[in-house]
Amino acid sequence: MLDWSPLLLTFKLACVTTLILVLLAIPIAYWLAYTKSSLKPVMETLVSMPLVLPPTVIGFYLLLAFSPGNAVGAWLDQWLGIRLIFSFPGLVLGSIIYSLPFMVQPIQSGFSGLSPSLKEAAYVLGKTRWTTIFRVLLPNIKPALLTGIVLSFAHTVGEFGVVLMIGGNIPGKTKVASIAVYDEVEALNYSTANTYSLILFACTFILLLLIYGINGGYFKKIIR
Amino acid sequence: MIELALQKDLNSGNGSIRLQANLNLEKGSILTLYGASGVGKTSTLRMLAGLMTPDRGKIVVHDEVWFDSERKINKSPQKRKVGFMFQDYALFPNMTVKQNLEFALKPGQDQKIVSELIEIIALEELQNLKPTTLSGGQKQRVALARSLVNQPEVLLLDEPLSALDLAMRQKLQTYIQRVHKKYKPTIILISHDVGEIIKLSQFICKIENGQVHPPEDPSQFFTTNTISGKFQFTAEILHIVKEDIVYVVSLLVGHTVTKIVAQASDIENLSIGDKVIIAAKAFNPIIYKIK
C-alpha cells in the first residue's frame with residue numbers, strides 16, 4: 001500500500017507557501033516596478049538569488065541560522081517557542097525564500113507592462129493608492145498573477161535541496177514527495193519511486209498546461 | 001481665476017530646457033497651448049494635475065493654493081479638482097465603458113451624472129463594451145466623459161483630437177463645446193490644428209524655448225496685423241512643386257485644398273507643414289448662389 005503522506009505533505013507545503021507568497025510578493029513587486037530608489041538593483045538581486053544559488057546553499061544557511069545552537073535560532077526557540085529546523089514551519093520558510101523570484105518576477109513585469117497613465121488616471125480621478133491597486137492595477141495583470149501562483153506552486157512541489165537541508169527526512173513531518181522518491185530509490189523500491197514520480201509528473205504537467213491554456217485564451221475558444 | 005507661475009528643468013530629446021510658465025486665466029475659459037513637440041506642453045498640464053512637481057513656483061486655482069514651493073504646499077493629484085484626458089486615453093481595460101465612468105464618481109456623488117454624460121457624448125450603444133473593442137475615436141469620447149464625471153474645475157486635454165479623422169474631429173469638437181457649455185470647467189488643451197484652435201479656444205499661448213507666451217486671441221495669433229488684406233486665411237503647406245520658372249504651392253485652407261503660384265523668393269523660407277497666411281489685396285469677390 002502506497003504511503004500517501006509525502007504527497008499530502010508536498011501539496012500542503014505548496015499551498016501554504018503559495019498563499020503566503022502572493023501576499024508577500026505583491027507589495028515587493030509593486031515597489032520594484034514603480035520605485036526610483038537606488039536600492040532597487042540590490043533588492044532585485046536579492047529576490048533573484050534563489051534562481052541561481054544551489055538550493056543546498058540556501059538550505060545550509062537557513063539550517064545554520066535557525067539551529068538552536070545559534071543566536072537567531074536560540075532566540076526564536078526561547079522567546080517564541082518556534083523551532084524552524086526539522087519542522088513544517090521551517091519547510092514553509094525555506095520554500096518561500098526558494099520560490100520568491102517565481103512569484104515576484106511575473107507580477108513585477110505585469111505592473112511594468114501597464115501604461116503608467118492608468119495609475120495616474122486613477123489618481124487624478126481622486127482614487128487612493130489602495131483603490132488604484134485593487135480596482136485598477138491588479139485586475140489588469142491577472143495573467144501575471146496566475147503565472148506567478150502556478151509557477152511558485154509547481155516550483156515548491158519540485159524542490160528537493162532546501163527541504164532536505166532544513167527539514168531533514170522525518171516521515172509524516174518533513175518528508176515531502178521529492179525526498180520520498182530519492183528514499184525509495186536508495187532502498188531499491190523502484191516501483192514505489194515510480195508511482196510517486198508519475199503522480200508528480202502528471203500534476204506538474206496539468207498545472208503548467210492550465211496556465212498556458214488560460215493565458216493563451218485557449219479555454220475561452222473551447223467554451224465558446 | 002487660475003494663476004500659474006512655474007519653473008521646471010526638463011530633460012527632453014533636444015537636451016535640457018528650462019520651462020517657465022507665467023499665466024493668469026479667467027474661470028471658465030478655454031486656452032490652447034501651442035508649440036513644437038518637446039517644448040513642455042504636456043509637462044505644463046502634468047504639473048497642473050499634480051503628476052509632476054515643479055522646481056519652484058505657484059499654482060492657485062480659484063483662490064485655492066494647489067502648489068507653492070515657498071510654503072511647501074503640494075496637493076496630491078487626488079485633492080486637485082482636475083480632469084485629465086490622457087493622450088493614450090488611459091481607459092481601464094478591466095471595466096466596461098459605463099463602469100469606467102462610474103469608477104470616477106466621488107464617494108456619495110449622485111449617479112445621475114453618469115447617465116447624463118452618456119447621453120451628451122452619445123455613448124449609449126457603447127456603455128456595456130470593454131475599451132479594447134472600441135475604435136480610437138470612441139475611446140476618446142469615453143475618456144472625455146470620464147474626465148468630467150467628478151465635475152472638475154479644470155479640465156486638461158492632452159491632444160484630445162489627434163489621431164482622429166476629420167469627421168470624428170469635428171464631432172468631438174462639438175462634444176467638447178457641449179460639455180463646456182453645460183459644466184463650464186476651465187479647459188486647457190494642447191492642439192496643433194489651427195482650425196480647431198480657432199473654433200474651440202478663446203485664448204492661445206505659444207510655448208517656445210521653454211517660455212510660455214502670454215495668452216492671445218487665436219484668430220489674431222494666426223493672422224498678423226502687418227498685412228492688410230481683404231481676404232486672409234491661414235493655411236498649411238502640403239506640397240511645393242517647381243513648374244518652369246514659378247512654384248506651385250498646394251495649401252490646406254480649413255478643409256479645402258487649394259493651389260497658389262509663388263516666386264522663388266516667396267518660398268525661400270517655406271517648407272512643407274509650415275503654417276502660413278495667404279492674403280489677397282485689391283480684388284473683388286463675386287458671390288454666386290449654388291443650387
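Above this text you will find the structure in question.
Summary of the structure given here. Every value quoted in this text rests on a predicted model; they were computed, and no experiment measured them. (Residues numbered from 1 in each chain as written. Chains lettered and ligands numbered in written order. Predicted model: local features only at pLDDT ≥ 70, side-chain atom pairs only at ≥ 80, totals over all residues. Heavy atoms only, no water.)

### Regarding the environment of A:G167
All names here are of chain A. Formally: Secondary structure elements are defined from DSSP: runs of H or I of at least 4 residues count as helices, runs of E of at least 2 residues count as strands, and each element is numbered from the N terminus. Any two residues having at least one pair of non-hydrogen atoms within 4.5 Å are treated as being in contact.
Positionally, G167 belongs in helix α9 (residues 161–167). In sequence terms G167 and V92 are 75 residues apart; their C-alpha atoms lie 9.7 Å from each other. Excluding residues within four positions of it along the chain, G167 makes contact with F86, L91, V162 and T174.

### So, the side chain of A:H155
Residue and element names in this part refer to chain A. For clarity, the threshold we go by: Under this definition, polar contacts are N or O atom pairs within 3.5 Å; protein pairs additionally need one hydrogen-donor-capable and one acceptor-capable atom, and for neighbouring residues in sequence, both atoms have to be side-chain atoms.
Turning to its location among the elements, H155 is positioned in helix α8 (residues 142–157). Only 3.2 Å separates the side chain of H155 from the side chain of S99, close enough to count as a polar contact. Setting aside its immediate chain neighbours within four residues, H155 contacts Y98, S99 and F102.

### As for the interface of chain A and chain B
Quoted interface sizes are often the accessible area lost when the parts come together. Here is the rule we go by: By convention, the term buried area covers the 1.4 Å-probe accessible surface removed from two parts as they join, with the contributions of both added. The salt bridge criterion pairs a side-chain nitrogen of Lys or Arg with a carboxyl oxygen of Asp or Glu, the two atoms within 4 Å. For this classification, the nonpolar set comprises Ala, Val, Leu, Ile, Met, Phe, Trp, Tyr, Cys and Pro, the charged set comprises Asp, Glu, Lys and Arg, and every other residue, Gly included, is treated as polar.
With 18 residues of chain A at the contact, the number on the chain B side is 21 residues. Summed over both sides, the interface of chain A with chain B buries roughly 1600 Å², with 63% coming from carbon and sulfur. Here chain A and chain B share one salt bridge between them. Residue A:E120 pairs with B:R46 through a salt bridge whose shortest N-O separation is 2.8 Å. Linking chain A with chain B are ten residue pairs in polar contact (both at pLDDT 80 or more), by the criterion used here. For the side of chain A that touches chain B, a count of residues per class yields eight nonpolar, six polar and four charged.

### Examining the packing of aromatic side chains
Worth spelling out the cut-off: Centre distance within 6.5 Å is the pairing criterion for rings of Phe, Tyr and Trp, where only the six-membered ring of Trp is used; planes under 30 degrees apart are then read as stacked, over 60 as edge-to-face, and the remainder as tilted. Burial here depends on accessible area, computed with a 1.4 Å probe over protein chains only, as a share of the maximum for the residue type. Under 20% is buried, over 50% is exposed, and the range in between is partly exposed.
Under the definition given, this model contains nine aromatic pairs over all chains. Their ring planes at 80° and their centres at 5.2 Å tell us that B:F92 and B:F103 sit as a pair that is edge-to-face. With a gap of eleven residues between them, B:F92 in the loop between β7 (82–85) and α2 (97–103) and B:F103 in helix α2 connect regions that are remote in the sequence. Classification of B:F92 by relative accessible area gives buried; the value is 0%. Taken together, the aromatic side chains of A:Y30, A:Y34 and A:F111 make up a single cluster linked through ring pairs.

### Describing the pairing of strand β8 (residues 154–157) of chain B
Residue and element names in this part refer to chain B. Just so we agree on the cut-off: Only strands joined by at least two bridges in the DSSP assignment are considered to pair.
Here β8 shows two buried faces, one formed by V154 and L156 and the other by L155 and L157. Relative to β8, β7 runs parallel, the two being bridged by four bridges. Bridge assignment links M85 to a residue of β8, and that residue is L157. Of the pairings in the sheet, the one linking β8 to strand β9 (residues 186–190) comprises four bridges and is parallel in character. Each bridged residue has a counterpart across the sheet, and for L157 the counterpart in β9 is L189.

### Description of a nonpolar patch on the surface
All names here are of chain A. Where we set the bar: Residues form patches when they are more than 30% accessible in relative terms and have no salt bridge. Like charges link within 9 Å. Nonpolar side chains (Val, Leu, Ile, Met, Phe, Trp, Tyr) link within 5 Å. Methods summary: accessible areas were calculated by the Shrake-Rupley approach with a probe of 1.4 Å, and residue burial reflects only the protein chains presented.
Where nonpolar side chains cluster on the molecular surface, the patch consists of L198, F201, F205, I206, L209, L210, I214 and F219 and spans about 820 Å² of accessible area. With seven residues, the single largest contributor to the nonpolar patch is helix α11 (residues 190–215). Topologically, L198 is positioned in helix α11. Given the relative accessible area of 54%, L198 is considered exposed.

### Focus: the packing of helix α3 (residues 112–120) of chain B against helix α5 (residues 166–183) of chain B
The condition is simple: Simply put, an axis is a line fit to the C-alpha atoms, just over the touching stretch for a helix, and the angle between two N-to-C directions goes from 0 to 180 degrees.
Closest axis-to-axis distance for the α3(B)/α5(B) pair is 11 Å, and the angle between their directions is 145°. In contact with B:I113, B:E116, B:L117 and B:I120 of α3(B), α5(B) contributes B:Y175, B:R178, B:V179, B:K182 and B:Y183.

### Topic: empty space enclosed by the protein
The condition that has to hold: Residues are called lining when one of their atoms sits within 4 Å of a cavity or pocket point, these points coming from a 1 Å grid over the protein atoms alone, where a cavity is a set in which a 1.4 Å probe fits but cannot get out and a pocket is an open set with protein on both sides within 12 Å along at least five of seven lines. Grid points are joined across faces, edges and corners, and a volume is the space filled by probe spheres set on the points.
By the definition in use, this model includes one cavity of 30 Å³ or more. Within this model, the largest cavity holds a volume of roughly 40 Å³. Lining of the largest cavity is provided by A:A121, A:V124, A:L125, B:F84, B:F86, B:R146 and B:S147. Here the lining of the largest cavity is composed, by residue class, of five nonpolar, one polar and one charged.

### Some remarks on the pattern of salt bridges
All names here are of chain B. Here the structure, examined in full by the defined rule, presents ten salt bridges over all chains. Residues E64 and K75 are paired through a salt bridge, measuring 2.7 Å at the closest nitrogen-oxygen approach. With a gap of eleven residues between them, E64 in strand β5 (residues 64–68) and K75 in the loop between β6 (73–74) and β7 connect regions that are remote in the sequence. For K75, a relative accessible area of 22% puts it in the partly exposed group.

### Description of the side chain of A:S99
All names here are of chain A. In this fold, S99 is placed in helix α5 (residues 88–113). Within polar-contact distance, the side chain of S99 engages the side chain of T156 at 3.1 Å. In this structure, S99 is in contact with L21, S152, H155 and T156, ignoring residues within four places of it in sequence.

### Comments concerning helix α7 (residues 129–137) of chain A
Note the threshold: Summarising the geometry, the arc corresponds to the directions from the helix axis toward the C-beta atoms.
When α7(A) is considered as a whole, its buried residues turn out to be A:T132, A:I133, A:V136 and A:L137. For α7(A), the arc enclosing every buried residue in end-on projection is 115°, short of the 170-degree limit, so these residues lie on one face. Set apart from the buried face of α7(A) by more than 90 degrees, the exposed residues are A:W130 and A:F134. The inward-facing, buried residues of α7(A) contact α1 (5–34), α5 and α6 (116–124) of chain A together with α2 of chain B.

### Description of the state of the cysteines
Residue and element names in this part refer to chain A. Worth spelling out the cut-off: A pair of sulfur atoms, both from cysteines and within 2.5 Å, is called a disulfide here.
One pass over the full model with this rule turns up zero disulfides over all chains. Of the cysteine sulfurs around C15, a residue in no disulfide, the closest is that of C203, at 11 Å. Assessed through its relative accessible area of 27%, C203 is described here as partly exposed.

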